[in-house]
Amino acid sequence: RDMREHLKLGKGSLFVKSQLSRLRQEDESWEADFVPLPQHGRWVGLVVKEADGFVVAFRSFHHRPTVNELARLLAEAMRHPLVSSTRRPHTLYIREKADWIEILPHLKQVGIHVVFSDSLPNFDDAYHDLFTQAGANRDERIRRPILSKEPPMVRKNGSFSKPRMPAEKGNVQIYTL
């Protein structure tokens, strides 16, 4: 029996395709994912601009996030971003997870190209900064992907393509509201 939660879109949800598709589309890429804060018993979802590492959206959960939390996080990033104005990204980088598959055709319908990548360097940096701000014990180590000289291959439309170079590291700014 499939225990995954099914995607709920449209009225009553924040992810309304007709509204999101009307937002101005920018030539920018975002990275999005969820990670646990082990000592706090919570999960954190972030959407981060690839170019400068700014956090576009942030959500916290007491449970492992579902596809509906991903849809809500992305809709909030587009409709109520923490930085700049409302917009859609051209490209969204996410880690490949079976739970996310259901949202992919809907992102395509609103004009967002999704790329699966094991490496989300700006997301990982923002998460690291958030974890540090959350008062993590200085002796704890955060598991972050090790970036080799060659970035991993990424999958686009079912086939692997040339790797993208990780964004330059800069100052990551996290806004706490």
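I will try to describe carefully the structure that is included in this document.

Reading the values: the criteria
- Residues numbered from 1 in each chain as written.
- Predicted model: local features only at pLDDT ≥ 70, side-chain atom pairs only at ≥ 80, totals over all residues.
- Heavy atoms only, no water.
- Helix = DSSP H or I, 4+ residues; strand = E, 2+ residues; numbered from the N terminus.
- Buried < 20%, exposed > 50% of the residue type's maximum accessible area, 1.4 Å probe, protein only.
- Contact = heavy atoms within 4.5 Å.
- Pairing = 2+ DSSP bridges.
- Expected span 1.5 Å × (residues − 1).
- Core = buried A, V, L, I, M, F, W, Y, C linked by side-chain atoms within 4.5 Å.
- 1 Å grid on protein atoms, 1.4 Å probe; cavity = no way out; pocket = protein on both sides within 12 Å on 5 of 7 lines; lining within 4 Å.
- Points joined across faces, edges and corners; volume = space filled by probe spheres on them.
- Nonpolar A, V, L, I, M, F, W, Y, C, P; charged D, E, K, R; others polar.
- Phe/Tyr/Trp six-rings, centres within 6.5 Å; stacked < 30°, edge-to-face > 60°.
- Polar contact = N/O pair within 3.5 Å; in protein donor to acceptor, adjacent residues only side chain to side chain.

## So, the overall build of the protein chain
Right, so step 1: Secondary structure summary: the protein chain contains four helices and seven strands in total.
Right, so step 2: Its helices and strands in sequence order give the protein chain the pattern α-β-β-β-α-β-α-β-α-β-β, from N to C terminus.
Right, so step 3: Sorting the 177 residues of the protein chain into buried and exposed places 46% on the buried side.
Right, so step 4: Restricting the contact set of the protein chain to residue pairs at least 6 apart, pairs at least 24 apart contribute 62%.

## Considering the pairing of strand E3 (residues 55–61)
Right, so step 1: As paired elements, strand E2 (residues 42–49) and E3 share six bridges and run antiparallel to each other. Bridging across to E3, Gly 45 finds its partner in Arg 59.
Right, so step 2: Between E2 and E3, which follow one another and run antiparallel, lie five residues, and Gly 53 among them has a positive phi close to 80 degrees.

## Observations concerning helix H2 (residues 67–79)
What sets the pattern is the α-helix's 3.6 residues per turn: residues three or four places apart point alike.
Right, so step 1: In this model H2 runs 18 Å from its N-terminal to its C-terminal C-alpha over 13 residues, within 8% of the 18 Å that 1.5 Å per residue would give.
Right, so step 2: Where burial is concerned, most of H2 is hidden: eleven out of the 13 residues are buried.
Right, so step 3: The inward-facing, buried residues of H2 contact helix H1 (17–20), strand E1 (29–37), E2, E3, strand E4 (91–94) and helix H3 (104–109).

## Remarks on the nonpolar core
Right, so step 1: Counting 31 residues, the largest nonpolar core has Val 47, Leu 74 and Ile 103 as the members making the most contacts within it.
Right, so step 2: Secondary structure elements with two or more residues in this core: E1, E2, E3, H2, E4, H3 and strand E5 (113–116).
Right, so step 3: Of the residues forming this core, the biggest block, eight residues, is contributed by H2.
Right, so step 4: Not counting the four nearest positions on each side in its chain, Val 47 is found in contact with Trp 30, Glu 31, Ala 32, Phe 54, Val 55, Val 56, Ala 57, Leu 73, Leu 74 and Ala 77.
Right, so step 5: Core analysis: the next-biggest nonpolar cluster, separate from the first, contains 13 residues, Leu 46, Val 55, Tyr 127 and Leu 130 among them.

## Thoughts on empty space enclosed by the protein
It is a probe the size of a water molecule, rolled over the atoms, that shows where empty space is left.
Right, so step 1: According to the stated counting rule, one finds two cavities of 30 Å³ or more in the structure shown.
Right, so step 2: Roughly 30 Å³ of volume is contained in the second largest cavity.
Right, so step 3: Every residue lining the second largest cavity is listed: Trp 30, Leu 74, Met 78, Pro 89, Leu 92, Leu 107 and Ile 112.
Right, so step 4: Its residues assigned to classes, the lining of the second largest cavity shows seven nonpolar, no polar and no charged.

## Here we look at the packing of aromatic side chains
Right, so step 1: Under the counting rule described, the total for this entry stands at two aromatic pairs.
Right, so step 2: Considering the side-chain rings of Phe 34 and Trp 100, the 5.7 Å spacing of their centres and the 50 degrees angle between planes classify their relative orientation as tilted. On the criterion of sequence distance, the pair formed by Phe 34 in strand E1 and Trp 100 in the loop between E4 and H3 is long-range, its members being 66 residues apart. In this pair, the class of Phe 34 matches that of Trp 100, namely buried.

## So, the side chain of Ser 117
Right, so step 1: Tracing the sequence through the fold places Ser 117 in the loop between E5 and helix H4 (121–133).
Right, so step 2: Look at Ser 117 and you get buried, because its relative accessible area is 3%.
Right, so step 3: A polar side-chain atom of Ser 117 sits 2.9 Å from the main-chain carbonyl oxygen of Ser 119.

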